[in-house]
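Secondary and tertiary structure notes
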Amino acid sequence: MEPLLGAVLGLMLAVASPAHGSCTCATNKWAVCAQDSPGNCTCRLLGSDHPVDCSTLTSKCFLMKAEMIPLKEKRLWRPPHGLSDSDGTYSPDCEDSGVFKARQCNQSSTCWCVNTAGLRRTEKGDRSLSCGELVRTRWIYLELTHKRSSGAFDVPSMAQALTRLFESRYKLHPKYIAAIKYERPLIQIRLDQNKKPRWDVDIADVAYYFEKDVNNDSVFHSDSKLTLSVNGDALAIEKLWISYMDEKPPEFCMRQLAAGISAVVTVVLLTAAIGIAVLLVLRWLRTRKYKKVESKEMREVKAPSLE
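Procedures and definitions
Residues numbered from 1 in each chain as written. Predicted model: local features only at pLDDT ≥ 70, side-chain atom pairs only at ≥ 80, totals over all residues. Heavy atoms only, no water. Helix = DSSP H or I, 4+ residues; strand = E, 2+ residues; numbered from the N terminus. Buried < 20%, exposed > 50% of the residue type's maximum accessible area, 1.4 Å probe, protein only. Contact = heavy atoms within 4.5 Å. Patch = residues over 30% accessible without salt bridge, like charges linked within 9 Å, V, L, I, M, F, W, Y side chains within 5 Å. Areas by Shrake-Rupley, 256 points an atom, 1.4 Å probe, with all protein chains shown as cover. Salt bridge = Lys/Arg side-chain N within 4 Å of Asp/Glu carboxyl O. pLDDT = per-residue confidence, 0-100. Phe/Tyr/Trp six-rings, centres within 6.5 Å; stacked < 30°, edge-to-face > 60°. Lys NZ or Arg CZ within 6 Å of the ring centre and 35° of its normal. Disulfide = S-S within 2.5 Å. Pairing = 2+ DSSP bridges.

1. Focus on the overall build of the protein
Check the secondary structure of the protein and you find six helices and ten strands. Among the 307 residues that make up the protein, the fraction classed as buried is 33%. Across the protein, the fraction of contacts at a sequence separation of at least 24, relative to all contacts at a separation of at least 6, is 60%.

Here you go:
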């Protein structure tokens, strides 16, 4: 009886294991998934109760928040490289939809306003800082270089391969890829998304996933390295630069520009004042010398007349 029971239990485990193993989120390795019932797999964001749609990309805000979960909660899923930016690592505040809240604050109660890509676009302030709206990042410029190969790639084939990559791996509709330029070894990609329908991925999320892939820190569950080929020839990416352009100009840039103009005006005025002072001193010295010479000549003229 016992051998038969062991065989039955073993068969049950063998059947259950594949089902459990398949309950994962393909587009987010930090999602926690559980099989509620046969064929029904539910995934939620690590550290929160937000459900995750594993058929598309997870928002950048949710990903950044998941990356801030302590190592003991992540277990083996901590990325090999930590976040780093000019404002320091912080856990962002996200709306239920996954977008960034317009105002972000760190633990020291320092706050700032961000765009839809989560990048600071104002001067820092305290918690009294008010951010009227979440300004949309409309354009994203990707500049990357590839390793030297035996020859330059064909430009149309390069554009086709990159378009196919962004569409298949990152779920980005080709209409949002405004331009692709190539001049060996530099590749330039411009993403343009004026308005984002609910069913489309955000170009900021695409750029974040792509950056993670290039840095060998993939967000995808398979943790597979990014592979790209053009006409069968491998294209190995070396460096990546990302620039973000908002619908409205950053506010702190205008303040810095005003401060810069004030500094330039101050320098010009000081230089002019010093120049005028030097000219006045030189003129005074010349005038004084002339008066001395004139006085000497007058004395020499008067001396003979007295004799």
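2. Observations regarding a nonpolar patch on the surface
Judged by side-chain polarity, Ile274, Val278, Leu279, Val281, Leu282, Trp284 and Leu285 come together as a nonpolar surface patch covering roughly 680 Å² of accessible area. By the secondary structure assignment, valine 281 is in helix H6 (residues 251-306).

3. Topic: the confidence of the model for the protein
Reading predicted coordinates in detail is not appropriate for stretches of low pLDDT. When pLDDT is averaged across the protein, the result is 80; 74% of the residues are at 70 or more. Note that residues 71-86 has pLDDT below 50 and, in this model, 23 contacts with residues that lie over four places away or in other chains.

4. What to know about the packing of aromatic side chains
Scanning the entire structure with this criterion turns up five aromatic pairs. Members of the aromatic cluster, joined through ring pairs, are Phe166, Tyr170, Tyr209, Phe210 and Phe220. When the ring centre of tryptophan 112 is taken as origin, the NZ or CZ atom of lysine 124, which lies over that ring, is 5.8 Å away.

5. What to know about helix H2 (residues 60-67)
Along H2, seven of the eight residues are buried, which leaves the element largely enclosed by surrounding structure. Taken together, the buried positions of H2 are Lys60, Cys61, Phe62, Leu63, Met64, Ala66 and Glu67.

6. With respect to the state of the cysteines
Scanning all chains against the criterion turns up six disulfides. Across the disulfide, cysteine 25 is cross-linked to cysteine 54 (sulfur-sulfur distance 2.1 Å). Here the S-S torsion is close to -120 degrees, and the disulfide linking cysteine 25 with cysteine 54 is therefore left-handed. With cysteine 25 in the loop between helix H1 (2-21) and strand S1 (31-37) and cysteine 54 in the loop between strand S2 (40-45) and H2, this pair connects stretches of sequence that are 29 residues apart. Disulfide pairing places cysteine 105 opposite cysteine 111 at an S-S distance of 2.0 Å. Around the S-S axis, the bridge from cysteine 105 to cysteine 111 shows a dihedral of about 105 degrees and counts as right-handed. A relative accessible area of 12% means that cysteine 105 is categorised as buried.

7. Overview of the pattern of salt bridges
For the structure on display, the rule yields eight salt bridges. Between aspartate 217 and lysine 29 there is a salt bridge, with its nearest N and O atoms 3.8 Å apart. Residue aspartate 217 is located in the loop between helix H5 (203-214) and strand S8 (229-230), and its partner lysine 29 is located in the loop between H1 and S1; the two are separated by 188 residues in the primary sequence. The residues aspartate 217 and lysine 29 share a single accessibility class, namely buried.

8. With respect to the pairing of strand S6 (residues 177-183)
Judged from the six bridges that link them, S6 and strand S7 (residues 186-192) form a sheet pairing that is antiparallel. Among the inter-strand pairings, lysine 181 is bridged to a residue of S7, identified as glutamine 188. Turn length for the S6-S7 hairpin, with the two strands adjacent in sequence and antiparallel, is two residues.

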